[in-house]
Amino acid sequence: MTELLGGGADQPSPALVIDHAALIDNLRAVRARVAPAELILVVKDDAYGQGLAPIVATAVAEGITWFGVSDLGTALEVRELAGRTARVLAWPAGASDGVDRAVRASIDLGVGDAALLETVAAEARAAGAVARIHLKIDTGLHRNGFRPEDWAETVHRARVLEQSGFLRVVGVWSHIAEASDAEDDAARALFDAAVEQLEAAGMRLELRHLAASAAAFARPEFRYDAVRIGAFCYGVRSAEGPGAGSLGLRPVATLQGTVIAVHDETVTVALGSLDGVPSTLAGRVAVGTPAGPRELLRVDADSLAVLGWPGAAVGDVIAVFGSGMLGERSATTLAEAIGTIGEEILLRVSPRIPRLHRGTAPVASPER
Ligand SMILES: *Cc1c(COP(=O)(O)O)cnc(C)c1O
């Protein structure tokens, strides 16, 4: 349970409170749901703004063995945090500085363009290592990935590099929109064809992975060997999708602020747009107060105006999103009010807001 306490010395406010008991429950629920497919826990963007190291520590203690990140720097950090036995998959976009270090650190590399494929082979050769790569097919999202018309040539080239001993194609993957079933089905057909071509060329794939949160949960045929999930593990449901509660998940992060002034009709809370509360939320959502939901009237640079309640007092704590006084209110609820996605609401929370980790698992030092 997230505690929402007033501002004592050990309780800075505002704060993003990270509930590790919720994280653990979500991880278990997600794994149970997608089994026997493997969960690749996505921890990109500082674990969606919640703090990479504590999130990885709890995941490792829960037995999570696969982590997904976008950039190579974070991949190396996760390697340090999670130990030698964890598998870390990175999907660097564009510039590929640090490939040599990543290969040496046994980071699995998502490769979606020909230049990166050659770089990885060259760096592995120079390092005397064998790079583990996951070839990415573009199944329609056009966010990086080999185009289907280039796939045959890609498979051929990767096979040549594999036979030269510089790399092993251990995985094949794609990223899908998860916006409509029809589009996702079309993407899946392209994916299946790509897998077939790889296998026909003699590649021995360990991991085929296509889905992120939404498709992994809703559609078993999208699970293959593994699913890459961030949002749902953090209790952030899809916009317009089923509620987090009905998915068996709850918000891990709660953004809380403290009342600093009480007026006739309203209260002032020390939290504002500079802290990452979108000003467009004013008049569109309610925040959680000790007396229940109250309308968010105004978002200023460093304060919120909230409709008051009987007995409101300086020091009262309110929640903008998360669990606690709101019942369950994921960041997605706010996102829907302003036409964005829940992840965006989380990522906007300013780095200057302290992250308070509650119920952190005791961390055994990882094997190195
Ligand atoms: C962010 C990301 C994911 C995770 O998506 P969620 O919707 O947060 O589960 C999966 N795969 C890739 C390539 C990503 O960039």
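Per an unreviewed UniProt entry, the protein is named Alanine racemase, and its organism is Microcella daejeonensis. Its UniProt record gives the protein the following Cofactor (unreviewed entry) comment, quoted word for word: "pyridoxal 5'-phosphate".

Undergrad: Can you explain the nonpolar core? Please cite residues and give values.
TA: One finds V43, F67, L109, I133, L135, L304 and F321 to be the most contacted residues of the largest nonpolar core, which totals 111 residues. Two domains share this core, each providing at least three of its residues, namely domain 1 (20-234) and domain 2 (253-358).

Undergrad: So what's going on with the site of the ligand? Which residues, and what values?
TA: As a matter of local geometry, the ligand sits amid 13 residues, with K44, Y48, S213, R228 and A231 nearest to it. The side chain of K44 places a nitrogen or oxygen atom 2.6 Å from an oxygen atom of the ligand. Between the ligand and Y48 there is a distance of 2.6 Å, counted from an oxygen atom to a side-chain nitrogen or oxygen. Among the secondary structure elements, those contributing two or more residues to the shell around the ligand are α2 (44-49) and β9 (226-229).

Undergrad: Can you lay out the pattern of salt bridges for me, pointing to particular residues and giving the numbers?
TA: Tallied over the entire structure, the rule returns 19 salt bridges. A salt bridge links E62 to R28; its shortest N-O distance comes to 2.8 Å. Of this pair, E62 sits in the loop between α3 (52-61) and β3 (66-69) while R28 sits in helix α1 (residues 20-34), and the two are 34 residues apart along the sequence. By relative accessible area, which is 18% here, E62 ends up buried. Look at R28 and you get partly exposed, because its relative accessible area is 48%. Here R147 ties to E149 by a salt bridge, and the two come within 3.4 Å at their closest N and O atoms. Through salt bridges that share partners, R87, D108, R132, R168 and E206 make up one connected network.

Undergrad: Quick rundown of the pairing of strand β5 (residues 108-111)? Include the residues and the values.
TA: Residue alternation in β5 divides its side chains into two sets, D108 and G110 and L109 and V111, and both sets are buried. Bridging between strand β4 (residues 87-90) and β5 involves 2 bridges; their strand directions are parallel. Its bridge partner being in β5, A90 is matched across the sheet by L109. Note that β5 and strand β6 (residues 131-136) share 3 bridges and pair parallel. Each residue of the ladder has a partner; that of L109, found in β6, is I133. The parallel pair β5 and β6 is bridged by helix α6 (residues 114-127), and the resulting crossover is right-handed.

How each quantity is defined
Residues numbered from 1 in each chain as written. Predicted model: local features only at pLDDT ≥ 70, side-chain atom pairs only at ≥ 80, totals over all residues. Heavy atoms only, no water. UniProt positions renumbered as here; feature names shortened; annotations may be inferred. Core = buried A, V, L, I, M, F, W, Y, C linked by side-chain atoms within 4.5 Å. Buried < 20%, exposed > 50% of the residue type's maximum accessible area, 1.4 Å probe, protein only. Domains from an automatic or database assignment. Near = heavy atom within 4 Å. Polar contact = N/O pair within 3.5 Å; in protein donor to acceptor, adjacent residues only side chain to side chain. Helix = DSSP H or I, 4+ residues; strand = E, 2+ residues; numbered from the N terminus. Salt bridge = Lys/Arg side-chain N within 4 Å of Asp/Glu carboxyl O. Pairing = 2+ DSSP bridges. Right-handed = clockwise from strand over helix to strand, strands pointing away.

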